[in-house]
Amino acid sequence: MKARLIEIALIVAAAADIWVDLWSDHPVSIGSAVVACAALAFRRRLPLTVVLLTLPATLLEAALVAPCIALFTLAERSRNRALLTVCVVLAAIASAAPSPLEPDGDPIGDSLVYFVYALATVVLPVLLGQLLQTRHDLRQRLEEIEEVKEHERVLHAQAILAQERAQLAREMHDVVSHQVSLIAVQAGALQVSAGDEDTREAARTIRSLSVGTLDELRTMVTLLRASGDDITQLTPQPTLADLCTLIANSGIEVDLTGDLSLSVGTPRQRAIYRTVQEALTNVRKHAPGAAATVDLWHDGKFVGVTVTNGRPSRPSLPLPGAHQGLIGLQERADLLCGTLESGPTPDGGYLVRMRLPVHTD
């Protein structure tokens, strides 16, 4: 509504200027004045066209306010300095040149003086329009700077949160995991040495609960180490159902045998999955080109997986390794009262076998 009122006020001002300054009742002069006044209604959509439509009225000395308004709008919206210069010169020439409808034109000297005055007059709205354009650009730049600063504040807060989570995860792993592991070991020793059946049953329960607590603790440590931004970091832990995807993405020719729907607990499924994952990783690193076999088995009391690979078909790259993967698998097997075997095979390949009891005694 405010913008419409401004448009109406400008058109009224241009019409008043034409009414006062119109010196000739010639139809051409009146028509050019009406066109210049009416064209101001389209100055925001077609600023250059409106400037050109106001020049005839300026040449016929029928309008002065209309071309200034048109030049202001063009300067506010255009960044083409050369175009603005040409329009300013044309408007000054049209204002200073003798009217074609006047029988006796002004002397050339007077026209030059008029040109200087006209140039100073039409430059003013152009400078004002450029000033408003610069102000608008500066406002946008300040808003962008504020958005960047706000984004940096968010990133800084996320970095602090991630650092605190990582520190908390390290403390939980170093302190709680160590203490619970000692509880599980002591409970296992008590289960073996106790002569009373009730005591052995209590020790068996304590050991089982300790193993489950350690497994859940590792899951919580993984969640704490996540930054919280990437949803994929918080996906559920893998089970036997994810083995097909793991093998398909391994880049190795793998023959999978056994039943993927084994009815065993989640900790054992996770241990078997990590065993296959680590074994296939070692095949890619140390036996490039070799095929592998993954065999899931279950004999009633024990469940496990055996991963074997053949001789590599091409030389392997000298990649560094500290055998931490196998150490981690051994720790998983110990916590679940199982065993882990690994070593070379007679045909030049390698074997990894994890054997876990279905129920922890």
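Residues numbered from 1 in each chain as written. Predicted model: local features only at pLDDT ≥ 70, side-chain atom pairs only at ≥ 80, totals over all residues. Heavy atoms only, no water.

Of the regular secondary structure elements, the protein holds 10 helices and 5 strands. Within the protein, buried positions represent 33% of all 361 residues. Long-range pairs, those at least 24 residues apart, make up 67% of the contacts in the protein between residues at least 6 apart in sequence. Surface accessibility of the protein: about 21400 Å² in total, with carbon and sulfur atoms responsible for 62%. (Helix = DSSP H or I, 4+ residues; strand = E, 2+ residues; numbered from the N terminus. Buried < 20%, exposed > 50% of the residue type's maximum accessible area, 1.4 Å probe, protein only. Contact = heavy atoms within 4.5 Å. Areas by Shrake-Rupley, 256 points an atom, 1.4 Å probe, with all protein chains shown as cover.)

Let's shift gears to the nonpolar core. Counting residues in each nonpolar core, the largest one holds 37 residues, and the members touching the most others are Val276, Val305 and Met354. Those elements that provide at least two residues to this core are helix H7 (197–225), helix H8 (243–248), helix H9 (266–286), strand E2 (292–298), strand E3 (302–309), helix H10 (324–335) and strand E5 (350–357). The element contributing the most residues to this core is H9, with 7 residues. Shared between two domains, this core takes at least three residues from each, and those domains are domain 2 (163–227) and domain 3 (240–357). (Core = buried A, V, L, I, M, F, W, Y, C linked by side-chain atoms within 4.5 Å. Domains from an automatic or database assignment.)

Attention now moves to the packing of aromatic side chains. Taken as a whole and assessed by the stated rule, the structure comprises 0 aromatic pairs. Between the NZ or CZ atom of Arg355 and the centre of the ring of Phe302, over which it lies, the distance is 3.5 Å. (Phe/Tyr/Trp six-rings, centres within 6.5 Å; stacked < 30°, edge-to-face > 60°. Lys NZ or Arg CZ within 6 Å of the ring centre and 35° of its normal.)

Further remarks concern the sheet that holds E2. In space, the 5 strands of this open sheet follow the order E1-E2-E3-E5-E4, with mixed pairing throughout. Either end of the sheet is taken by a strand with one partner, and the two such strands are strand E1 (254–257) and strand E4 (339–344). For this sheet, the mean angle separating the axes of adjacent strands, direction not counted, is 10°. Judged from the 7 bridges that link them, E2 and E3 form a sheet pairing that is antiparallel. Each bridged residue has a counterpart across the sheet, and for Val294 the counterpart in E3 is Val307. (Pairing = 2+ DSSP bridges. Axes fitted to C-alpha atoms, helices over the stretch in contact; angles between N-to-C directions.)

Before going further, it helps to examine the UniProt feature "transmembrane region" (unreviewed entry) in the protein. Following the UniProt record, the feature "transmembrane region" (unreviewed entry) maps to residues 50–75, 82–100 and 112–132 here. Secondary structure across residues 112–132 divides into 100% helix and 0% strand, with the first and last C-alpha atoms of the span separated by 31 Å. (UniProt positions renumbered as here; feature names shortened; annotations may be inferred.)

To continue, consider the pairing of E5. Of the pairings in the sheet, the one linking E3 to E5 comprises 8 bridges and is antiparallel in character. Counterpart to Val305 in the pairing with E5 is Met354. What sits between the antiparallel neighbours E4 and E5 is a turn of 5 residues, in which Gly348 has the positive phi angle 95°.

The next thing to look at is helix H4 (residues 65–77). With 13 residues, H4 extends 19 Å between its outermost C-alpha atoms, agreeing within 8% with the 18 Å of an ideal straight helix rising 1.5 Å per residue. Among the 13 residues that make up H4, 10 are buried, leaving the element largely enclosed by the rest of the structure. Every buried residue belonging to H4 is among Ala66, Pro67, Cys68, Ile69, Ala70, Leu71, Phe72, Thr73, Leu74 and Ala75, and all of these are buried. (Expected span 1.5 Å × (residues − 1).)

What follows concerns the side chain of Thr275. When you line up the elements, Thr275 lands in helix H9. Judged by its relative accessible area of 0%, Thr275 falls in the buried class. Filtering out sequence-adjacent residues up to four positions away, Thr275 remains in contact with Val305, Leu329, Val352 and Met354.

A few words now on the pattern of salt bridges. Evaluated as defined, the whole model comprises 6 salt bridges. With a shortest N-O distance of 3.9 Å, Arg141 and Glu144 are connected by a salt bridge. With Arg141 and Glu144 both in helix H6 (residues 108–193) and 3 residues apart, this pair spans about one turn of that helix. Residue classification places Arg141 among the exposed positions, given a relative accessible area of 53%. We note a salt bridge from Glu197 to Arg200, for which the minimum N-O separation is 2.4 Å. Taken together, the residues Glu197 and Arg200, both in helix H7 and 3 residues apart, mark about one turn of the helix. (Salt bridge = Lys/Arg side-chain N within 4 Å of Asp/Glu carboxyl O.)

For the rest of this paragraph, the subject is the confidence of the model for the protein. Confidence along the protein averages 78 in pLDDT terms, with 80% of residues attaining 70 or more. Note on residues 227–235: pLDDT is under 50 here. Beyond four places in sequence and across chains, it has 8 contacts. Long-range and interchain partners of residues 318–322, a stretch whose pLDDT sits below 50, account for 2 contacts in this model, where long-range means more than four residues apart. (pLDDT = per-residue confidence, 0-100.)

A word on the pairing of E3. Across the 8 residues that make up E3, a large majority, 6, are buried. Taken together, E2 and the strand that follows it, E3, pair antiparallel across an intervening segment of 3 residues, in which Gly300 is found at a positive phi of about 105°.

Let us look at the packing of helix H2 (residues 27–39) against helix H3 (residues 47–59). Interhelical geometry of H2 versus H3 gives an angle of 155° and a closest axis separation of 8 Å. As the angle between them shows, H2 and H3 are arranged roughly antiparallel. Relative to H3, H2 is oriented so that their crossing is left-handed. For the pair H2 and H3, the contacting residues are Ser32, Ala33, Val35, Ala36 and Ala39 in the first and Val50, Leu53, Thr54, Pro56 and Ala57 in the second. Its residues assigned to classes, the contact of H2 with H3 comprises 8 nonpolar, 2 polar and no charged. (Parallel < 35°, antiparallel > 145°, perpendicular 65-115°, else oblique. Left-handed = near helix turned anticlockwise from the far one by under 90°. Nonpolar A, V, L, I, M, F, W, Y, C, P; charged D, E, K, R; others polar.)

Before going further, it helps to spend a moment on the environment of Leu48. On the secondary structure map, Leu48 appears in helix H3. Accessibility expressed as a relative area gives 33% for Leu48, which makes it partly exposed. For the pair formed by Leu48 and Arg77, sequence separation is 29 residues and the distance between their alpha carbons is 9.9 Å. Aside from chain neighbours lying at most four places away, what touches Leu48 is Leu74, Leu83 and Cys87.

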